[in-house]
Amino acid sequence: MNDRTIRELQSALPWTAHYHRDFRSSPMTHKDFAHALLHVHKAGGKLAAIIDEAEHGGFDWADPAKRADVEKYIADFVICALRMATTCPDGQVDLQRAVEQRLTAKNNQLAAVAPELRAVERQGPR
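In this report, the structure presented in the accompanying data block is examined. (Residues numbered from 1 in each chain as written. Predicted model: local features only at pLDDT ≥ 70, side-chain atom pairs only at ≥ 80, totals over all residues. Heavy atoms only, no water.)

1. What about the overall build of the protein?
The condition is simple: Where helices and strands are cited, they refer to DSSP runs of H or I of at least four residues and of E of at least two residues respectively, numbered from the N terminus. Two things to know: the radius of gyration comes from C-alpha atoms, and the globule rule equals 2.2 Å times the number of residues to the power 0.38. Summary of the burial criterion: residues with accessible area below 20% of their type's maximum are buried, those above 50% are exposed, and those between are partly exposed, where the area comes from a 1.4 Å probe applied to protein chains only. Working definition of accessibility: Shrake-Rupley area with a 1.4 Å probe, residue cover restricted to the visible protein chains.
Summing up its helical and strand segments, the protein has 5 helices and 0 strands in all. From first element to last, N terminus to C terminus, the protein shows the α and β order α-α-α-α-α. For a compact globule of 126 residues, the expected C-alpha radius of gyration is about 14 Å, and the protein comes in at 20 Å, more than 25% above that figure. Taking the principal axes of its C-alpha atoms as reference, the protein extends roughly 60 × 40 × 30 Å. Residues classed as buried in the protein amount to 20% of the 126 residues present. Just so you have it, the protein exposes about 9500 Å², and 58% of that area is on carbon and sulfur atoms.

2. Examining the packing of aromatic side chains
Under the convention used in this document: Only the six-membered ring of Trp is used, alongside the rings of Phe and Tyr, when aromatic pairs are assigned; centres must lie within 6.5 Å, and planes under 30 degrees apart are stacked while those over 60 apart are edge-to-face, with the rest tilted.
For the structure shown, the criterion picks out 1 aromatic pair. Look at phenylalanine 59 and tryptophan 61: their rings are 4.6 Å apart centre to centre, the planes differ by 65 degrees, and that puts the pair in the edge-to-face class. Residue classification places tryptophan 61 among the partly exposed positions, given a relative accessible area of 40%.

3. Side note on the packing of helix H3 (residues 31-56) against helix H4 (residues 64-87)
Filter applied, for reference: Axes here mean lines fitted to C-alpha atoms, for a helix over just the part in contact, with angles spanning 0 to 180 degrees between N-to-C directions. For this classification, under 35 degrees means roughly parallel, over 145 means roughly antiparallel, 65 to 115 means roughly perpendicular, and everything else is oblique. Handedness of a crossing is defined here by the sense of rotation of the near helix relative to the far one, left-handed for an anticlockwise turn of less than a right angle and right-handed for a clockwise turn. Residue contacts follow a heavy-atom distance rule, with two residues in contact if any of their heavy atoms lie within 4.5 Å. Polarity classes work like this: nonpolar for Ala, Val, Leu, Ile, Met, Phe, Trp, Tyr, Cys and Pro, charged for Asp, Glu, Lys and Arg, and polar for all others, with Gly in that last group.
The N-to-C vectors of H3 and H4 enclose an angle of 160 degrees; their axes lie 9 Å apart at closest approach. In terms of orientation, H3 and H4 fall into the roughly antiparallel class. Between H3 and H4 lies a crossing of left-handed hand. Residues Asp32, Phe33, Ala36, Leu37, His39, Val40, Ala43, Gly44, Lys46, Leu47, Ile50 and Glu53 of H3 touch H4, and the partners they reach there are Lys66, Val70, Tyr73, Ile74, Asp76, Phe77, Cys80, Arg83, Met84 and Thr87. Looking at the contact of H3 with H4 residue by residue, the class counts come to 13 nonpolar, 3 polar and 6 charged.

4. As for the environment of arginine 4
Its location among the elements puts arginine 4 in the segment before helix H1 (6-11). The spatial distance from the C-alpha of arginine 4 to the C-alpha of leucine 47 is 25 Å, given a sequence separation of 43 residues.

Written as structure tokens, this is what we have:
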């Protein structure tokens, strides 16, 4: 598989159908968006269960099968974000642009507080 930009992934998203006829016949304009959001929560719950297992009984992160589950649920977040951006009820979101703008904003916020954070780090634990 070739490395692709977010925009390329969004434009090539194959996941578009295979829903029950009741779902497809619903007049809700946000049904596809909401369904992708449901899957975000589902993947988040699966990862939360993995973290809970790690905190209470241990989780073998190096086990290839367990690692595959973690990778699958993280990938589901990205796929669902692509789907939500494609099916936003008031028009498609350019996810590439949105992610780049969000990263810039977050980095600018961090840069603004970095001197203060460094001063706190130099003070050490209280």
